[in-house]
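Understanding the architecture of this molecule
One-letter residues, chain by chain:
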Amino acid sequence: MLAILKGFTYALVGTNLGKTAALIPLSAATFAFYARQVQVVFSEMDKGVIEAAQASGATLWDIIKIYLSEGLPELIRVSTVTLISLIGETAMAGAIGAGGLGYIAIYYGYNRSATDVTIIATLCILVLVFIIQFVGDFLTKKLSHK
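The residue numbering used here restarts from 1 in each chain and proceeds along that chain's sequence as written. Selection of residues for local features in this predicted model requires a pLDDT of at least 70, selection of side-chain atom pairs for listing and counting requires 80 or more, and totals for whole chains, interfaces and linings are taken over all residues. Processing note: side-chain calculations cover all non-hydrogen atoms of the structure and skip hydrogens and water entirely.

1. Brief notes about the packing of helix α4 (residues 60-93) against helix α6 (residues 115-143)
For any two helices packed against each other, the geometry is given by the interaxial angle and the distance between the axes. A fitted line through C-alpha atoms represents every axis, and for helices the fit uses only the stretch in contact; the resulting angles, taken between N-to-C directions, go from 0 to 180 degrees. The numbering of helices and of strands both runs from the N terminus, where a helix is a DSSP run of H or I of at least 4 residues and a strand a run of E of at least 2. The geometry of α4 relative to α6 is characterised by a closest axis approach of 8 Å and an angle of 175° between their N-to-C directions. With respect to α6, the element α4 is oriented roughly antiparallel. For the pair formed by α4 and α6, the contact residues are L72, P73, I76, R77, T80, L83, I84, I87 and A91 on the first element and I125, L128, V129, I132, Q133, G136, L139, T140 and L143 on the second. Every angle not falling under 35 degrees, over 145, or within 65 to 115 is termed oblique; those three ranges are roughly parallel, roughly antiparallel and roughly perpendicular. Two residues qualify as a contact provided that any one of their heavy atoms is within 4.5 Å of a heavy atom in the partner residue.

Below is the structure:
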């Protein structure tokens, strides 16, 4: 996405480098990915629950609340996957000067042949991924009706 949206990013923010430039492709990738996952969650929801709510005279807001309450565990699961994906994408955005652990790993570690810096930055990214995965799994299991 960084390379594909290079021209659009330049036209929009006036640069292809830095934190501001990284926001455009990161947003495009994350929004599309997350929207598709949420759409799958709602399309696979049990239609009988919604039909029962409609038959009992539920309003539009009642149905929205039912969708959210029934889909909450799966929404947390797909949010976890999206956050982990975003961590990887932001690490790669470090290559265009977006900062963060990816920037540290590339510029201070790889480019200066400081393998220890690269390894530590990579381990920090992995620890962050494990924490997000653990919290996401915990919340999903806690809120699941199954």
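2. Digging into the nonpolar core
In terms of nonpolar packing, the biggest core is built from five residues, these being A22, L26, A93, I96 and A98. If we ignore the near neighbours within four places in the chain, the residues touching A93 are L2, A22, L26 and A98. Nonpolar core, defined: a set of buried Ala, Val, Leu, Ile, Met, Phe, Trp, Tyr and Cys residues in which side-chain atoms within 4.5 Å join the residues together. For the exposure calls, accessible area comes from a 1.4 Å probe over protein chains only, and a residue counts as buried if that area is under 20% of its type's maximum, exposed if over 50%, partly exposed in between.

3. Description of the UniProt feature "transmembrane region" (unreviewed entry) in the protein chain
UniProt positions are given in the numbering used here, feature names are shortened, and annotations may be inferred rather than shown by experiment. On the UniProt side, "transmembrane region" (unreviewed entry) is annotated at positions that read residues 83-106 and 118-139 here. Along residues 83-106 the backbone is 75% helical and 0% strand, and the end-to-end C-alpha distance reaches 21 Å. Regarding residues 118-139, the helix share stands at 100% and the strand share at 0%, and the terminal C-alpha atoms are separated by 32 Å.

4. Re unusual backbone geometry
For residues other than glycine, phi is negative in most cases, and the peptide bonds are mostly trans. Despite not being glycine, S113 shows a phi value in the positive range, around 55°. Relative to the helices and strands, S113 is located in the loop between α5 (100-110) and α6. Judged by relative accessible area, S113 falls into the exposed class, the value being 64%.

5. Side note on the packing of helix α1 (residues 6-13) against helix α2 (residues 19-43)
For the pair α1 and α2, interaxial distance at closest approach is 9 Å and the crossing angle is 125°. With respect to their mutual orientation, α1 and α2 come out oblique. The two elements α1 and α2 cross, and the hand of that crossing is right-handed. When α1 is examined against α2, the residues F8, T9, L12 and V13 are found in contact with a partner set consisting of T20, A21, I24 and P25. Classification convention: Asp, Glu, Lys, Arg as charged; Ala, Val, Leu, Ile, Met, Phe, Trp, Tyr, Cys, Pro as nonpolar; all other residues, Gly among them, as polar. Class assignment of the residues belonging to the contact of α1 with α2 gives a composition of six nonpolar, two polar and no charged. Two helices that cross are described as forming a left-handed crossing if the nearer one is turned anticlockwise from the farther one by less than a right angle, and a right-handed crossing if clockwise.

6. Quick look at the UniProt feature "domain: ABC transmembrane type-1" (unreviewed entry) in the protein chain
Cross-referencing UniProt, the feature "domain: ABC transmembrane type-1" (unreviewed entry) maps to residues 1-136 in the present numbering. From the first C-alpha to the last, residues 1-136 spans 26 Å; its make-up is 80% helix and 0% strand.

7. Points about the pattern of salt bridges
Within this document, salt bridges are pairs made up of a side-chain nitrogen of Lys or Arg and a carboxyl oxygen of Asp or Glu, the two lying within 4 Å of each other. Across all of its chains, the model carries one salt bridge by this definition. The partner of E74 in a salt bridge is R77, with the nearest N and O atoms 2.7 Å apart. Here the residue E74 and the residue R77 both occupy positions in helix α4, the gap between them amounting to three residues, near one helical turn. Accessibility expressed as a relative area gives 38% for R77, which makes it partly exposed.

8. Observations concerning the side chain of T9
In this fold, T9 is placed in helix α1. Discounting chain neighbours no more than four positions away, the residues touching T9 are G14, T15, N16, A21, I24 and P25.

9. What to know about the side chain of T140
The topology assignment puts T140 in helix α6. Relative accessible area serves as the criterion here: at 15%, T140 is assigned to the buried category. Dropping the residues within four chain positions of it, T140 is found in contact with P73, I76 and R77.

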